[in-house]
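Residue strings, one per chain:
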Amino acid sequence: MRIKYVEHSKLTEMKNDNKCWEEWFGCEIFKRHWCKDEICQNQLITQDAAIFYNSYEKTDPTWGYFHIWLADEQEVYDGEAEDIGEVMSLHSYGINYCPLCGERLNESSA
Ligand SMILES: [Zn+2]
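Throughout what follows, the structure given in this document is the object of discussion.

Further remarks concern the coordination of the zinc ion. Here the zinc ion is held by His33 (NE2), Cys35 (SG), Cys98 (SG) and Cys101 (SG), and the distances to it run 2.1 to 2.3 Å. Taken together, the four donor atoms coordinating the zinc ion span angles of 104 to 116° at the metal, a pattern that classifies the geometry as tetrahedral. Along the chain, the residues donating to the zinc ion fall in the pattern H-x1-C-x62-C-x2-C. Pair noted here: Cys35 is in the loop between strand E1 (28-33) and helix H3 (38-46) and Cys98 is in the loop between strand E4 (87-94) and helix H5 (105-108), with a separation of 63 residues, a long-range link. With relative accessibility at 7%, the residue Cys35 sits in the buried group.

So, in structure tokens, the structure goes:
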């Protein structure tokens, strides 16, 4: 039996807006990397991930890969979360190249 795919209620926001990412991660976002390749772009979205040129606490901005896991119906049903959209985990790490399309990011940030 296949698990039903539940489209996340925040998906549109996550795709189109940087503000929700700033709130989740407590950082300032200056730029977002969009892969030119649509397949790479869709991969990022299905991973609930985004790539940002960002800064924490006014330090020099760097490129980072951001990943968030938000609770969906299944997690609420399983009792792992109280509400849909609750942050289950989040992490980010610094990158020099896009892990999906391979574009060198530091050059394009100048
Ligand atoms: Zn890319």
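Before going further, it helps to spend a moment on the sheet that holds E4. Taken in spatial order, the four strands make up an open sheet running E1-E2-E3-E4, and their pairing is antiparallel. What marks the edges here is a single partner per strand, and that holds for E1 and E4. Here the average twist between neighbouring strands, direction ignored, is 35°. Two elements, strand E3 (residues 62-70) and E4, share seven bridges in a ladder whose sense is antiparallel. Paired with Gly64 across the strands is Gly94, a residue of E4.

Let's shift gears to unusual backbone geometry. Although it is not a glycine, Glu57 sits at a positive phi angle of roughly 50°. Locating Glu57 in the fold gives a position in the loop between strand E2 (49-55) and E3. Residue Lys58 is not a glycine yet carries a positive backbone phi of 65°. Examined against the element boundaries, Lys58 turns out to sit in the loop between E2 and E3.

Scanning the model with the defined rule gives eight aromatic pairs in all. An angle of 40° between the planes, with centres 5.2 Å apart, marks the rings of Tyr53 and Trp63 as tilted. Residue Tyr53 is found in strand E2, and its partner Trp63 is found in strand E3; the two are separated by ten residues along the sequence. Note that Lys31 overlies the ring of Tyr53, its terminal NZ or CZ placed 5.8 Å from the centroid.

On to the side chain of Arg32, then. By the secondary structure assignment, Arg32 is in strand E1. Put simply, Arg32 is tucked away with no salt bridge, and the nearest opposite charge, on Asp17, sits 6.9 Å away. One polar contact links the side chain of Arg32 to the main-chain carbonyl oxygen of Met14, over a distance of 2.8 Å. Reaching out from Arg32, the side chain makes a polar contact with the side chain of Asn18 at a distance of 3.1 Å. Ignoring anything within four residues of it in the chain, the contact list for Arg32 reads Met14, Lys15, Asn16, Asp17, Asn18, Trp21, Ala50, Ile51, Phe52 and Trp63.

Turning our attention to H3. Within H3 the residues assigned to the buried category are Cys40, Gln41, Leu44 and Ile45. With its buried residues spanning 140° around the axis, H3 presents them on a single face. H3 presents Ile39 and Thr46 as exposed residues on the side facing more than 90 degrees away from its buried surface. Of the residues flanking the start of H3, the one acting as N-cap is Asp37, its side-chain oxygen 2.8 Å from the backbone nitrogen of Ile39. Just beyond H3, the residue with positive phi is Asp48, at close to 55°.

Rules behind the numbers
Each chain has its residues counted from 1, running along the sequence as written. Whole-chain, interface and lining totals are the exception, using all residues; otherwise, since this is a predicted model, local features are given only for residues with pLDDT of at least 70 and side-chain atom pairs are given and counted only at 80 or more. Only hydrogens and water are removed before side-chain values are computed, so all heavy atoms of the structure are retained for them. Here a donor is an N, O or S atom found within 2.8 Å of the metal, or within 3.2 Å if the metal is Na, K or Ca; sites may look incomplete because water is not among the atoms. Think of it this way: with four donors and all angles in the 85 to 135 degree range, the site is tetrahedral; with four or six donors, opposite ones beyond 155 degrees and the rest between 65 and 115, it is square planar or octahedral; otherwise it is irregular. Numbering goes from the N terminus for both helices and strands, where a helix is a DSSP run of H or I of at least four residues and a strand is a run of E of at least two. For the exposure calls, accessible area comes from a 1.4 Å probe over protein chains only, and a residue counts as buried if that area is under 20% of its type's maximum, exposed if over 50%, partly exposed in between. By definition, two strands form a pair when at least two bridges between them are found by DSSP. Working convention: axes come from line fits to C-alpha atoms, limited for helices to the stretch in contact. Angles between N-to-C directions cover 0 to 180 degrees. Classification of ring pairs uses Phe, Tyr and Trp, with its six-membered ring standing for Trp, and accepts pairs whose centres are within 6.5 Å; under 30 degrees between planes counts as stacked, over 60 as edge-to-face, and the remaining range as tilted. Our definition puts a charge over a ring when NZ of Lys or CZ of Arg is within 6 Å of the ring centre and also within 35 degrees of the ring normal. Counted as positive: Lys and Arg. Counted as negative: Asp and Glu. His and the chain ends are not counted at all. When a carboxyl oxygen of Asp or Glu lies within 4 Å of a side-chain nitrogen of Lys or Arg, that pair is called a salt bridge. Any pair of nitrogen or oxygen atoms within 3.5 Å is treated as a polar contact; in protein, a donor-acceptor pairing is required on top of that, and neighbouring residues in sequence qualify only through side-chain atoms on both sides. It only takes one pair of heavy atoms within 4.5 Å for two residues to be counted as in contact. Within this analysis, the arc is defined by the directions that extend from the helix axis to the C-beta atoms.

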